[in-house]
Amino acid sequence: MTRKMTRRGALAAGTALLAGCLGANEETSADPPDGAVASAPIPANPGEYEYETMGDGDAPVTATYVANWKCPHCADFSSGFLGTIVGEYVEPGDLSIQHRALAYTNQGPWMGQDAPRAAEAGLAVWHTDPDNYWAYHEHVMANQGDPSETWATTDRLVGFAEDVGVSDIEAVRTAIEDGTYDDAVRATATAVSQAGVTSTPTLIIDGQIVSALDESAVRSTLDDALANA
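Criteria and cut-off values
- Residues numbered from 1 in each chain as written.
- Predicted model: local features only at pLDDT ≥ 70, side-chain atom pairs only at ≥ 80, totals over all residues.
- Heavy atoms only, no water.
- Helix = DSSP H or I, 4+ residues; strand = E, 2+ residues; numbered from the N terminus.
- Contact = heavy atoms within 4.5 Å.
- Phe/Tyr/Trp six-rings, centres within 6.5 Å; stacked < 30°, edge-to-face > 60°.
- Lys NZ or Arg CZ within 6 Å of the ring centre and 35° of its normal.
- pLDDT = per-residue confidence, 0-100.
- Pairing = 2+ DSSP bridges.
- Core = buried A, V, L, I, M, F, W, Y, C linked by side-chain atoms within 4.5 Å.
- Buried < 20%, exposed > 50% of the residue type's maximum accessible area, 1.4 Å probe, protein only.
- Salt bridge = Lys/Arg side-chain N within 4 Å of Asp/Glu carboxyl O.
- Polar contact = N/O pair within 3.5 Å; in protein donor to acceptor, adjacent residues only side chain to side chain.

Examining the environment of Glu149
And step 1. Position of Glu149 among the secondary structure elements: in the loop between helix H5 (133-142) and helix H6 (154-163).
And step 2. Once the C-alpha coordinates of Glu149 and Met111 are considered, the two residues, 38 residues apart in sequence, prove to be 9.0 Å apart.
And step 3. Leave out the neighbours within four places in its chain, and Glu149 touches Lys70 and Asp114.

Here is the structure:
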């Protein structure tokens, strides 16, 4: 993430981001999820990773998955093609993926005042119980509310963590209430803006920005990166 975006470009990016996540995910699931993403491998030393990560830390290719916890398109990607990526690239040890939750643009919280809280909750779960993080990620995505509504309350986010068996629920609640990970969430917004990301879900694969919804482009970029690793 190195290319700096101009102020005009940042404003354009904010508009594009808003356009990229219209609509609502009406499908919900009462049961904690299973599947490739929920059970994705994590690094052997997760405490050394500030942001949520899957895969082997020594994988030859790395990708950053830029998403928003309230974005319906991110939920679609998470429940669909992301699982294929995990099975074909992450599990064999070829790819590691870092999740970065985009909750701010230069205009303030993006997709509602509760979006930063959801991003902080994800980091709280990662740092509290990394083994259950990806199950939490999938559970929240499967149970998104209407993106125009303020559904990501502290109680609901903590409830999702409890659903998937996070080990220290009160630690998650305290981190959300204290804003423990606010700086980390704001740092993501800065890094993503500088990288030139203009929509979610997006993958940055060895520096190349690819729409996560373009399966052909994702596969091609991953395969090229592996061939050159």
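Quick word on the packing of aromatic side chains
And step 1. If you walk through the whole model with that rule in mind, you get five aromatic pairs.
And step 2. Here Phe77 and Phe81 contribute two aromatic rings whose centre-to-centre distance is 6.3 Å and whose plane-to-plane angle is 65°, an arrangement assigned as edge-to-face.
And step 3. Looking at Arg100, its charged tip hangs above the ring of Tyr51, at a distance of 3.6 Å from the centre.
And step 4. Directly above the aromatic system of Tyr104 lies the positively charged group of Arg186, at a separation of 4.3 Å from the ring centroid.

Focus: the confidence of the model for the chain
And step 1. Mean pLDDT over the chain: 88, with 86% of residues reaching 70 or higher.
And step 2. With pLDDT under 50 throughout, residues 1-20 is counted as low confidence; its partners more than four residues away or in other chains account for 35 contacts.
And step 3. Here residues 22-29 is modelled with pLDDT under 50, and outside its nearest four sequence neighbours on either side it reaches 17 contacts, counting other chains as well.

Let's talk about the pairing of strand S7 (residues 208-211)
And step 1. Pairing of strand S6 (residues 202-205) with S7, which is carried by four bridges, proceeds in the antiparallel orientation. Looking at S7, one finds that Ile204 is bridged to Ile209.
And step 2. Between S6 and the antiparallel strand that follows it, S7, lie two residues; Asp206 among them carries a positive phi value of about 45°.

Here we look at the nonpolar core
And step 1. If you look at the biggest cluster of nonpolar residues, it comprises 70 residues, and the most contacted ones within it are Trp69, Ile85, Leu95, Ile97, Tyr136 and Ile205.
And step 2. Ranked by residues supplied to this core, first place goes to helix H4 (residues 115-128) with eight residues.

Re the pattern of salt bridges
And step 1. Inspection of every chain in the model, using the stated rule, returns five salt bridges.
And step 2. The salt bridge involving Arg173 is made with Asp155; its shortest N-O contact spans 2.9 Å. Residue Arg173 is located in helix H7 (residues 169-178), and its partner Asp155 is located in helix H6; the two are separated by 18 residues in the primary sequence.
And step 3. A salt bridge links Arg186 to Asp182, with the nearest nitrogen and oxygen atoms 2.9 Å apart.

Some thoughts on the pairing of strand S2 (residues 61-67)
Put simply, side chains in a regular strand alternate between the two faces of the sheet.
And step 1. Counted residue by residue, S2 has six buried out of seven residues, so it is predominantly covered.
And step 2. Of the pairings in the sheet, the one linking S2 to strand S3 (residues 95-101) comprises seven bridges and is parallel in character. Directly across from Val66, in S3, lies its bridge partner Arg100.

A closer look at the side chain of Asn68
And step 1. Within the secondary structure, Asn68 is located in the loop between S2 and helix H2 (72-79).
And step 2. At 2.7 Å, the side chain of Asn68 and the backbone oxygen of Leu102 are in polar contact.
And step 3. Ignoring anything within four residues of it in the chain, the contact list for Asn68 reads Cys74, Leu102, Ala103, Trp110, Met111, Ala115, Met141, Gln144 and Thr200.

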